[in-house]
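Descriptive structure summary
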Amino acid sequence: MAAARVMASTTTIGASSSSLLLKAAASPFFKPQCVSFRFKLASKNRTFSCSALYRPDVQIKEEGLPETLDYRVFFLDNSGKKVSPWHDIPLHVGDGTFNFICEIPKESSAKMEVATDEVFTPIKQDTKKGKLRYYPYNINWNYGLLPQTWEDPSFANPEVDGAFGDNDPVDVVEIGESRGNIGQLMKVKPLGCLAMIDEGELDWKIIAISLDDPRASLVNDVEDVEKHFPGTLTAIRDWFRDYKIPDGKPANSFGLGNKAASKDYALKVITETNESWAKLVKRSTPAGELSLV
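Computed from a prediction, not measured in an experiment: that's the story for all the values here. (Residues numbered from 1 in each chain as written. Predicted model: local features only at pLDDT ≥ 70, side-chain atom pairs only at ≥ 80, totals over all residues. Heavy atoms only, no water.)

1. Overview of the overall build of the protein
Applicable threshold: A run of DSSP states H or I qualifies as a helix once it reaches four residues; a run of E qualifies as a strand once it reaches two. Both are numbered from the N-terminal end. Throughout this description, buried means an accessible area under 20% of the type-specific maximum (1.4 Å probe, protein chains only), exposed means over 50%, and partly exposed covers the range between. Should any heavy atoms of two residues lie within 4.5 Å, those residues are considered in contact. Each accessible area is a Shrake-Rupley estimate made with a 1.4 Å probe; only the visible protein chains count as cover when residues are assessed.
Summing up its helical and strand segments, the protein has three helices and 20 strands in all. Looking at the protein as a whole, 53% of its 293 residues qualify as buried. Contacts spanning at least 24 positions in sequence make up 69% of the contacts within the protein whose residues lie at least 6 apart. With the model as given, the accessible surface of the protein reaches about 12,600 Å², and the carbon-plus-sulfur share is 50%.

Quick look at the structure:
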């Protein structure tokens, strides 16, 4: 029988303290310890302005065992009802900062992702031909998504070689020093972005940093990243360019001159993909197999 664990509340995160630091052991997967995030869930009657305050009130529930096909990480509201991390957690926090959901903790290799085609879109480990997927080597940063964003596969971006969206939420590479946990919610600020093209599909990578990081106040744009995190932008680009090569696939490519674009450009990407998500959940755009619950 699949195991199920609910992390009960032990920590409250107010507006002045933005992310929950889980003191986990080496494994990136949750341990049976108590954890909750407090935030105001987006209303089911969504206005799409995404102006909800960062006042979390959600719990994490694991079903199944880590690194199995049945493993899922669900999000629950304070009544115990399942909610979607993609649709129900607000994007905007305010003052140019955003909610970030960690799917893959830094220094781990299990390819975890929000299951966009499953009800309540839990986090699961990706599969290929029925087998669990792993990166060929550890990822060196916390990796996850921006809720309430969507890369529209019907939109050909004229600024990135006419590439179409990859049909997923926007990815985030969080460069702070702390190692996140699967399902952890962080308050981040964007610093730039990379326009990765994966098998012809546009797959944005927003470069961001947790506001709880000791160096967060030092970095506000890509130039600051080069100054205070030297070599990081190149390392991120090269990692995502090359990670498929060991599996015999070609390297990924990048638009926008093969360089990281500015913070302003990243904010433009976030705004556009949030608007695409709004059209999706209002059913102005066909959802296909995507879950809107």
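Now that the structure is up, let's keep going.
2. Focus on the packing of aromatic side chains
Where we set the bar: Aromatic pairing here means that ring centres of Phe, Tyr or Trp (its six-membered ring) are within 6.5 Å. Orientation follows from the plane angle: under 30 degrees is stacked, over 60 is edge-to-face, and everything else is tilted. Either the NZ atom of lysine or the CZ atom of arginine qualifies as a charge over a ring when it sits within 6 Å of the ring centre and within 35 degrees of the ring normal.
Applying the stated criterion across every chain, the model contains eight aromatic pairs. A centroid spacing of 4.9 Å and a plane angle of 80 degrees characterise the contact between Y135 and W239, whose relative ring orientation is edge-to-face. Of this pair, Y135 sits in strand β13 (residues 134–139) while W239 is found in helix α2 (residues 232–242), placing the two residues 104 residues apart along the sequence. Residue Y135 shares its accessibility class with W239, and that shared class is buried. One cation-aromatic arrangement involves R215 over F229; the distance from NZ or CZ to the ring centre is 3.9 Å.

3. What about the pattern of salt bridges?
The line we're drawing: Each salt bridge in this description consists of a side-chain nitrogen of Lys or Arg and a carboxyl oxygen of Asp or Glu lying within 4 Å of one another.
In the structure shown here, the tally under the stated rule is 17 salt bridges. One salt bridge in this structure joins K249 and E199, with 3.9 Å as the shortest N-O distance. Remark: E199 occurs in the loop between β18 (185–198) and β19 (201–210) and K249 occurs in the loop between α2 and β20 (253–254); sequence separation between them is 50 residues. In this structure K249 comes out as partly exposed when scored by relative accessible area, which is 28%.

4. Regarding the pairing of β19
Put simply, the rule reads: Note on pairing: two strands pair once DSSP finds at least 2 bridges between them.
For β19, a buried count of nine out of 10 residues is recorded, marking the element as mostly surrounded by other parts of the structure. Where strand β16 (residues 163–165) meets β19, two bridges bridge the pair, whose relative direction is parallel. Each bridged residue has a counterpart across the sheet, and for F164 the counterpart in β19 is E201. Relative to β19, strand β17 (residues 171–174) runs parallel, the two sharing four bridges. Note that in β19 the partner of E174 across the bridge is A208. Here β18 runs beside β19; their pairing, made up of 10 bridges, is antiparallel. Bridge pairing in β19 places L194 opposite K205. Joining the antiparallel neighbours β18 and β19 is a turn of two residues, in which E199 adopts a positive phi near 50 degrees.

5. Considering the side chain of D152
Rules: All tallies of charge rest on Lys and Arg as positive and Asp and Glu as negative; His and the ends of each chain are not included.
Mapped onto the elements, D152 comes out in the loop between β14 (142–145) and β15 (156–157). For the buried D152, no salt bridge is present, and the opposite-charge side chain at shortest range is K279, 6.7 Å distant. In contact with D152, other than residues within four places in its own chain, are F164, G165, S276 and T285.

6. Some words on the environment of V172
Note that V172 resides in strand β17. Sequence separation of V172 and A208 is 36 residues, and the distance between their C-alpha atoms is 6.7 Å.

7. Some thoughts on α2
Selection criterion: This arc is taken over the directions from the axis of the helix to the C-beta atoms.
Where α2 is concerned, the buried positions are T232, L233, I236, R237, W239 and F240. Angular distribution of buried residues about the axis of α2 spans 160 degrees; they occupy a single face of the element.

8. Considerations on the pairing of strand β7 (residues 97–104)
β7 sits mainly inside the fold: eight of its eight residues count as buried. Two strands pair when backbone bridges link them, and strand β6 (residues 92–94) and β7 are joined in this way by two bridges, in the antiparallel orientation. Within the sheet, the bridge partner assigned to H92 lies in β7 and is F98. Taken together, β6 and the strand that follows it, β7, pair antiparallel across an intervening segment of two residues, in which D95 is found at a positive phi of about 55 degrees.

9. A word on the nonpolar core
So the rule is basically this: We call a set of buried Ala, Val, Leu, Ile, Met, Phe, Trp, Tyr and Cys residues a nonpolar core when their side-chain atoms join them within 4.5 Å.
Judged by nonpolar contacts, the single largest core of 46 residues is most densely connected at F75, W86, I123, I175, I236 and F240. With residues up to four places along the chain from it excluded, the contact list for I123 reads Y71, R72, V73, F75, I101, C102, E103, M112, E113, V114, I182 and G183. In terms of nonpolar packing, the next biggest core, distinct from the first, is built from 23 residues, V172, C193, L202 and I206 among them.

10. Brief notes about helix α3 (residues 263–281)
What counts, and what does not: Multiplying 1.5 Å by the helix residue count minus one yields the expected span of that helix.
Over its 19 residues, α3 runs 27 Å from end to end, which matches the ideal 27 Å to within 8%, given 1.5 Å per residue. Here α3 has its buried residues at K263, Y265, A266, V269, I270, T273, N274, S276, W277, A278, L280 and V281. Close packing links the buried residues of α3 with β7, β18 and β19. One or two steps after α3, the chain reaches R283, where phi turns positive at roughly 65 degrees.

11. A look at the side chain of K205
To be explicit about the condition: Any pair of nitrogen or oxygen atoms within 3.5 Å is treated as a polar contact; in protein, a donor-acceptor pairing is required on top of that, and neighbouring residues in sequence qualify only through side-chain atoms on both sides.
Looking at where K205 falls in the secondary structure, it is placed in strand β19. Among the polar contacts made by the side chain of K205, one reaches the side chain of D171 at a distance of 2.7 Å. If near-sequence neighbours (up to four positions away) are discounted, K205 is found in contact with Y143, D171, V173, G192, C193, L194, M196 and F240.

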